Every structure is written in structure tokens, then in C-alpha cells.
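As a plain string of letters, each chain reads:
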Amino acid sequence: MSTIWDKGPRDHFLSLAPWCWLQLESADPPGPFPFVGGLAPDVVAALQEAHSVMASAIDTAISDVFSKRAPLDDPDRQRRLEDAYAEAVNARPYLSRYIRCGRKPDGSFQWEVPFEPAQSSTVTNGGLRIFHSVKRQAIPIGFDQRPLGPIVGKLIGMLSGSHRTEEIKTVVMSSPREAQPVLSRVMDTLQQYECLLTARETPIRRRWLEAVQDRETVHLGHAALLYRQQDNVFLFDPWLLPWFAESSVPSLWPSLLPRPSAIFLTHDHDDHVDPRTLLHLPKDTPVIVPSRRNKKHFFYDYPALLRELGFGRVVELAHGEVWPFEGGTVVSVPFYGEDPCDLAMPRNCYLISDRGQNVLVHADSGPTNDGRSALKDDVIRRLVDKYGPLHLVFASQQQLLEIRSHAAHAPLSHPGKWLDVGENGYLTNSYLAELCAAARAKLFVSYATGGADWYPDHLSFMFSQRNPARTALLTAHWERPEGLKTLLESDGCRYHYGRALDVFSEREHGDIEIRSAGETLSPLHQYRAAHGEPPFMKQGGGA
């Protein structure tokens with residue numbers, strides 16, 4: 001089979017069609033919490049199974065409350081839960097080998113597992129799958145029992161439209177001998193299934209730099225932000241989607257963005273650290289992540305994840321440390337709370353301080369169960385004292401309170417707390433108003449709850465104009481998000497709900513101007529500028 005190198009001009013730029021994407025696949029089951037560190041994989045598996053054994057009993061206990069067979073504040077519920085957990089674990093030697101639990105003579109409950117700071121549940125990928133959403137095709141490619149994920153990840157990162165065919169050929173042909181057949185097979189398969197696009201020039205970067213000026217911030221949807229710093233572009237929490245992967249509308253995808261100079265990740269949830277998006281970004285980009293130096297016990301193993309995706313430069317930024325650039329810096333700011341906050345996984349917010357202008361990327365951070373927060377710990381005040389007013393604040397308005405047993409990392413929590421509330425992001429209007437007052441903000445942008453029609457609508461934190469009744473069901477017991485507007489006005493701060501491709505720029509006296517670049521930078525318009533009409537539209541098909 002001939003390859004892409006023989007199919008077109010070698011000086012043309014090569015990219016994946018935005019309705020095609022690749023996904024690495026593990027050769028072995030990834031385990032319950034891939035890339036969570038602080039415990040050996042066998043210990044994590046034991047904790048997960050112990051939680052699973054208890055799941056039906058927990059559901060019954062919850063059902064008893066709702067059916068009014070049991071009081072909401074039953075004082076003996078925790079003790080019964082702990083004893084049942086100990087009974088389940090101690091009856092299974094393969095669990096009690098790792099988990100020590102039981103009632104002590106003084107009546108207190110023992111729950112101990114061996115913490116191992118150097119351990120994490122890493123994943124080694126054994127192949128990939130190519131997806132074509134227009135043709136509804138999925139094509140698997142194995143790695144022939146070789147650990148080739150990082151090398152393949154680097155190749156995928158080059159298919160963003162910023163490299164010419166000849167450059168990509170050189171990378172494939174100069175790769176280690178054992179990798180060349182797989183890389184060639186990947187390129188051949190992409191060509192065979194019409195997943196590749198070529199263009200004489202790539203206007204994407206030029207279009208963005210014309211539409212977005214220096215020191216402007218663009219909301220890319222959900223918690224994804226793009227910040228232009230002179231001729232550099234920084235990405236924060238990029239969760240992008242291939243066309244038609246989750247909805248029927250064209251979506252932003254890496255090949256439709258300018259090449260980033262740095263990527264910043266705030267915390268370990270999938271809507272902020274999206275492996276699929278990261279796989280398709282250029283792998284020579286530095287990725288700035290929360291530092292293991294801020295951990296108590298558990299941590300997310302960002303370096304292992306990013307190395308497996310092909311990234312070569314991962315920078316762990318501890319709270320208070322900075323990522324400098326010409327004229328300014330990005331500061332690592334402590335992240336509090338969320339899912340469940342007692343685990344204290346290392347997480348970052350970020351402050352962009354650029355030539356006298358400040359943008360706070362607050363993400364989903366909020367008060368912890370014991371009341372700690374960026375306000376109570378004086379984090380915001382100290383930032384203002386050092387860098388000046390934080391005129392533009394991006395923050396979630398989630399008000400999710402979740403029973404701890406239903407949280408993502410429940411098995412890592414003390415079993416006696418499983419039926420307590422372990423908030424999953426509880427940000428009241430009063431807290432956010434106080435945050436903005438302390439920051440001396442001029443504009444609060446509510447984000448990280450969707451903001452674009454191409455996101456999935458089945459997640460509990462995702463709201464869409466397509467499903468107002470579902471949104472009303474999920475938020476029936478929330479404070480009205482719009483109620484924050486009135487609280488902010490007394491301190492001279494405006495309120496804005498972020499939509500994808502909103503652009504924010506600071507003007508005189510710290511006022512923030514908002515405009516939409518939706519017409520200029522919409523995914524379909526950008527594709528047409530580079531490649532003309534999509535082929536399925538030319539054929540009369542629809543999306």
C-alpha cells in the first residue's frame with residue numbers, strides 16, 4: 001500500500017479532519033483509578049472492591065431515608081456502616097491483606113491502608129483506535145506488544161495543520177526501528193479512510209491573531225480558556241471535542257486552534273484534564289500541572305499520564321510558584337474543595353498577571369467541608385496586595401452537594417463517611433460575591449457548566465440551551481445563578497454567563513469589554529477558510 005508521502009505535495013500542511021480522531025487503548029484493564037498516586041495498584045483495587053461489595057447495602061440505607069423508614073440524622077448509621085465494612089473486608093483475605101479495619105476496644109474504628117508516595121496506577125497503551133464520525137467507522141491498530149504510546153502520541157500531535165508532509169515523513173522515518181512499521185500503518189490507515197487533509201497554507205493562526213488581540217482571553221467552552229500573550233497563546237483546561245462526537249454541530253478541535261505556547265491544567269477531573277484533547281495537541285508544548293509537593297497522601301500522576309500521551313516537558317507548579325513569560329507571569333494559586341475535598345488532591349487555580357492586568361482562573365474551587373477557602377486563608381487578599389486588583393474572574397457556579405459514596409474517589413475515603421455529604425463543588429452566590437469583592441473584580445464570568453452546544457448534555461454539571469427542562473430538574477434546589485448579579489453590583493462588579501468564543505479584554509479603569517468572535521472563529525468558518533466546503537456537505541449529506 002502506498003503512503004501519504006506519495007499522495008500529494010510534500011510542502012503542504014497536513015492535518016486530521018476535525019471529524020476524525022484517535023484514541024490510545026490500554027493493553028490491560030486500566031484499574032479503577034488510573035494515574036492516581038499514593039497507593040500501590042493492588043491496594044487501590046482492594047479498596048475499590050470493598051466499596052463495590054458494600055454498594056447495595058449503601059443504596060438500601062439511602063432508600064430507607066427517602067422512604068421514611070429511617071431518620072435523616074440517624075446517630076447510629078455511621079457505626080453500622082463501619083461495622084458492615086469491617087465484616088465484608090475481614091471475611092475476604094485478599095482484601096484484609098491490604099485493608100486493616102475493625103472496632104478497637106475503646107470503641108473507635110480503625111481503617112488503615114499502606115500509603116506509598118512513590119506508587120501510582122499507571123497505564124501502558126497497547127494500541128489505538130481511529131474514529132471517523134461522519135462514516136461511523138472505528139479502525140483498531142495494535143502496537144505489536146511494544147510500548148509505543150508516547151511515540152505514537154508525538155505523531156498524532158503533529159497532525160494539527162502546523163507541519164508539512166515532508167516534516168512528518170522525516171519524523172516517521174527517523175523514529176526507532178521498532179516504531180516505524182506502526183507509525184507507517186497509522187499514516188496509511190488515516191489516508192485510506194480519508195481522515196487526512198492537506199492545505200497549501202494554514203490560515204488558522206492568522207485568523208485567531210486577527211480576531212484576538214494581545215492580553216485578551218477567549219472562552220472556548222466549558223472550562224477551556226485561551227489567553228493571548230503578545231504572539232503567544234496559552235491554553236487552560238482544554239476540553240475540546242471532534243465534530244459530531246457528542247452532538248450534531250461542528251465543534252472546536254485542536255486543528256482549529258493556534259499552536260499553544262503552554263498548556264495549564266487545574267485539576268484531575270475529566271472535564272479539565274481530557275486525554276483525548278491532550279493527545280491531539282503538539283507534544284513539544286510545556287504542560288504546567290499541580291505539584292506533588294502539595295499532596296497530603298493522594299495525588300494525580302500527571303507526569304505519567306502526559307508522558308504516555310507523548311509530552312516531553314511537564315512542569316509541576318506548587319502553590320505560590322510562577323511560570324514566567326516576557327512582561328508577566330502565571331501564578332499557581334491554591335485550589336480548595338471539590339469531590340470530595342477531604343482527600344486534598346493537589347490542585348491549582350491560576351492567576352495570569354500580564355503587564356498590569358490580571359485574570360483569575362478560579363475553575364471549580366470553593367470552600368471545603370471544614371470551611372477552608374481562598375478567602376478564609378487570605379489567598380485572594382495576598383494576590384491583590386502583590387499583583388493588584390484581579391479585574392477578571394472566571395469561576396464555576398456549581399452548587400452540587402453529593403453523598404460521598406457516590407463521588408468518583410469514594411473508595412479512597414474513610415468508609416464511615418460514605419453517607420456524609422462530600423461536596424462535589426458547592427459555590428454559593430454569597431461566597432462568589434465575597435470572592436469578587438476581595439479580588440476587586442470588575443467582571444465575574446460564570447463558566448465550566450457548558451457554554452457550547454457541542455458538549456454532552458447527560459452530565460450532572462453540564463447545562464445546555466437544548467435541554468432547559470433537564471437543567472431545571474438538576475438545579476431545582478440551587479440558588480438562582482442569576483441572583484449573583486445583584487450581589488455583585490454593590491461592589492461594582494458585573495456578571496456574565498460565558499458562551500464559547502466570547503472574548504474578554506480590559507479597558508480603561510479596569511472595565512472589561514465583552515464581544516463575541518463566534519462568527520469569525522466558528523469551527524465551520526475556520527474549516528472553510530483552510531479547506532473549503534466539507535466533503536460530506538459537497539455530497540449533499542448533512543451532519
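You'll find the structure just up there.
Q: Please give an account of the overall build of the chain that cites residues and values.
A: Check the secondary structure of the chain and you find 16 helices and 26 strands. Taking the principal axes of its C-alpha atoms as reference, the chain extends roughly 80 × 60 × 45 Å. Considering only contacts within the chain whose residues lie at least 6 apart along the sequence, 72% involve residues at least 24 apart. Accessible surface computed for the chain: about 22800 Å², of which carbon and sulfur atoms make up 49%. The distance from the centre of the 57 positive side-chain charges to the centre of the 66 negative ones in the chain is 3 Å.

Q: A description of the nonpolar core should follow, citing residues and the corresponding values.
A: Counting 114 residues, the largest nonpolar core has Tyr85, Ile99, Leu128, Met187, Leu190 and Trp208 as the members making the most contacts within it. Here this core gets eight residues from one element, more than from any other, and that element is helix H1 (residues 41-66). Among all residues touching tryptophan 208, those that are not within four sequence positions of it are Val218, Leu220, Leu226, Leu252, Leu256, Leu257, Pro258, Leu501, Leu521 and Gln526. Counting 55 residues, the second largest nonpolar core, distinct from the first, contains Leu317, Ala374, Leu390 and Tyr495.

Q: Go over the sheet that holds strand E1 (residues 13-16) with me, naming the residues and quoting the values.
A: What the three strands build is an open sheet, ordered E9-E1-E10; its pairing is antiparallel. Single-partner strands in this sheet number two, and they are strand E9 (160-164) and strand E10 (196-199). This sheet shows a mean twist of 30° between the axes of neighbouring strands, independent of strand direction. One ladder, built from three bridges, connects E1 with E9; its direction is antiparallel. By the bridge assignment for E9, leucine 14 is matched with histidine 163. Those strands touched by helix H15 (residues 523-531) are E1 and E10, and its axis lies near 60° from that of E10.

Q: Can you break down H15 residue by residue, with the values?
A: Among all positions in H15, only Pro523, Leu524, Gln526 and Tyr527 are buried. Along the axis of H15, the buried positions cluster into a sector of 160°, meaning they face one direction only. Directly after H15, the chain includes glycine 532, whose backbone phi takes a positive value near 80°.

Q: Please give an account of the side chain of histidine 391 that cites residues and values.
A: One can find histidine 391 in the loop between helix H10 (379-387) and strand E22 (392-395). With residues up to four places along the chain from it excluded, the contact list for histidine 391 reads Asn358, Arg440, Ala441, Lys442, Leu443, Glu506, Gly510 and Ile512.

Q: How would you sum up the state of the cysteines? Please name residues and give values.
A: With the rule as written, the count across this model stands at zero disulfides. Here cysteine 349 stays free of any disulfide, with the sulfur of cysteine 436 as its closest cysteine sulfur at 13 Å.

Q: Before we move on, could you go through the pattern of salt bridges and cite the residues and values that matter?
A: With the rule as written, the count across this model stands at 30 salt bridges. A salt bridge links arginine 355 to aspartate 214; the nearest nitrogen and oxygen atoms lie 2.6 Å apart. Of this pair, arginine 355 sits in the loop between strand E20 (348-354) and strand E21 (357-363) while aspartate 214 sits in the loop between helix H7 (204-211) and strand E11 (217-221), and the two are 141 residues apart along the sequence. Given the relative accessible area of 28%, aspartate 214 is considered partly exposed. With a shortest N-O distance of 2.7 Å, aspartate 354 and arginine 355 are connected by a salt bridge. Exposure remark for aspartate 354: the relative accessible area of 0% places this residue in the buried category.

Q: Report on the packing of helix H4 (residues 149-158) against helix H6 (residues 180-192), specifying residues and quantitative values.
A: Put simply, H4 and H6 touch, their axes get as near as 10 Å, and they point 35° apart. As H4 runs across H6, the sense of the crossing is right-handed. Contacts between H4 and H6 involve Ile151, Val152 and Leu155 from the former and Val182, Leu183, Val186 and Met187 from the latter. For the contact of H4 with H6, a count of residues per class yields seven nonpolar, no polar and no charged.

Q: Describe the packing of aromatic side chains, listing the residues and the values that go with them.
A: The relative placement of two aromatic rings is captured by the distance of their centres and the angle of their planes. Scanning the entire structure with this criterion turns up 23 aromatic pairs. Consider the rings of tryptophan 19 and tryptophan 243, whose centres lie 5.6 Å apart with planes at 50°: the pair is tilted. Of the two residues, tryptophan 19 is situated in the loop between E1 and strand E2 (20-26) and tryptophan 243 in the loop between strand E13 (232-236) and strand E14 (262-264); the sequence distance between them amounts to 224 residues. Accessibility assignment for this pair places tryptophan 19 and tryptophan 243 in one class, buried. Counting every residue linked through ring pairs, the aromatic cluster contains Tyr227, Phe234, Phe236, Phe264, Trp323, Phe325 and Tyr350.

Q: Describe the side chain of serine 405, and please don't skip the residues or the numbers.
A: Topologically, serine 405 is positioned in the loop between E22 and helix H11 (429-439). A relative accessible area of 5% places serine 405 in the buried class.

Q: So what's going on with the sheet that holds E22? Which residues, and what values?
A: Read across the open sheet, the seven strands follow the order E18-E19-E20-E21-E22-E23-E24; overall the sheet is mixed. At either margin of the open sheet sits one strand with a lone partner, and together these are strand E18 (322-325) and strand E24 (494-497). Recorded for the sheet is a direction-independent mean angle of 15° between the axes of neighbouring strands. With four bridges joining them, E22 and strand E23 (residues 443-446) adopt parallel strand pairing. The residue bridging valine 393 from the neighbouring strand is phenylalanine 444, located in E23.

Reading guide: rules and limits
- Residues numbered from 1 in each chain as written.
- Predicted model: local features only at pLDDT ≥ 70, side-chain atom pairs only at ≥ 80, totals over all residues.
- Heavy atoms only, no water.
- Helix = DSSP H or I, 4+ residues; strand = E, 2+ residues; numbered from the N terminus.
- Contact = heavy atoms within 4.5 Å.
- Areas by Shrake-Rupley, 256 points an atom, 1.4 Å probe, with all protein chains shown as cover.
- Lys, Arg positive; Asp, Glu negative; His and termini not counted.
- Charge placed at Lys NZ, Arg CZ, Asp CG, Glu CD.
- Core = buried A, V, L, I, M, F, W, Y, C linked by side-chain atoms within 4.5 Å.
- Buried < 20%, exposed > 50% of the residue type's maximum accessible area, 1.4 Å probe, protein only.
- Pairing = 2+ DSSP bridges.
- Axes fitted to C-alpha atoms, helices over the stretch in contact; angles between N-to-C directions.
- Arc of directions from axis to C-beta.
- Disulfide = S-S within 2.5 Å.
- Salt bridge = Lys/Arg side-chain N within 4 Å of Asp/Glu carboxyl O.
- Left-handed = near helix turned anticlockwise from the far one by under 90°.
- Nonpolar A, V, L, I, M, F, W, Y, C, P; charged D, E, K, R; others polar.
- Phe/Tyr/Trp six-rings, centres within 6.5 Å; stacked < 30°, edge-to-face > 60°.

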